[in-house]
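Chain by chain, the residues:
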Amino acid sequence: MSEKDKNKQGQINIELDDNVAQGIYSNLAIINHSVSEFVVDFISVMPGVPKAKVRSRIVLTPQHAKRFLKALQDNVTRFENAHGEIKEYEQPPIPMNFGPTGEA
C-alpha cells in the first residue's frame, strides 16, 4: 500500500449542507447523562419570554463527551491566547422547571 493510500484511509469526507452551515443560535445548554450517554440540549432563551424551545439535541457516548470537552477547552485556550480572556458575566438564574429529567 502506498503512502498516499494510507493517508486516504484515515480521512473522512464530511458534508455540510446549507441549512446546517447557517448554524443555530444558543445561549443556554442543558446537559443530562445516563450510564451510556450524554445528552446536550441547546436552547435559545429570550429576555422577558417565559418559554423557550430546545433548538438542537446532541447525544454523545461518555468517551466522545470527554474528547469533546478536551477539544472545546483547547479551542477556548487558543481563542483566549489570541484575543484575551473571555469574561464571564453573572446571569440571573434560569428556572429549570420544564420537561422530563435526562434518564435514558
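Details of the structure are given in the entry above.
Computed from a predicted model, the values in this text were never measured in an experiment. (Residues numbered from 1 in each chain as written. Predicted model: local features only at pLDDT ≥ 70, side-chain atom pairs only at ≥ 80, totals over all residues. Heavy atoms only, no water.)

A. Local environment of the side chain of Asp41. Tracing the chain through its elements places Asp41 in strand E2 (residues 38–43). Reaching out from Asp41, the side chain makes a polar contact with the side chain of Arg57 at a distance of 2.5 Å. The residues touching Asp41, leaving out its near neighbours within four places in the chain, are Leu28, Ala29, Ile30, Val54, Ser56 and Arg57. (Helix = DSSP H or I, 4+ residues; strand = E, 2+ residues; numbered from the N terminus. Polar contact = N/O pair within 3.5 Å; in protein donor to acceptor, adjacent residues only side chain to side chain. Contact = heavy atoms within 4.5 Å.)

B. Region of interest: the pattern of salt bridges. On inspection of all chains with the given rule, the structure shows 2 salt bridges. For the salt bridge of Asp41 with Arg57, the shortest nitrogen-to-oxygen distance reads 2.5 Å. With Asp41 in strand E2 and Arg57 in strand E3 (residues 54–60), this residue pair connects regions lying 16 residues apart in the sequence. Residue Asp41 is classed as buried on the basis of its relative accessible area, which comes to 7%. (Salt bridge = Lys/Arg side-chain N within 4 Å of Asp/Glu carboxyl O. Buried < 20%, exposed > 50% of the residue type's maximum accessible area, 1.4 Å probe, protein only.)

C. Focus on the pairing of E2. Sheet analysis places strand E1 (residues 28–33) next to E2, joined by 6 bridges and oriented antiparallel. Note on E2: the bridge partner recorded for Asn32 is Val39. Two successive antiparallel strands, E1 and E2, enclose a turn made up of 4 residues. By the bridge criterion, 6 bridges tie E2 to E3 in an arrangement that is antiparallel. (Pairing = 2+ DSSP bridges.)

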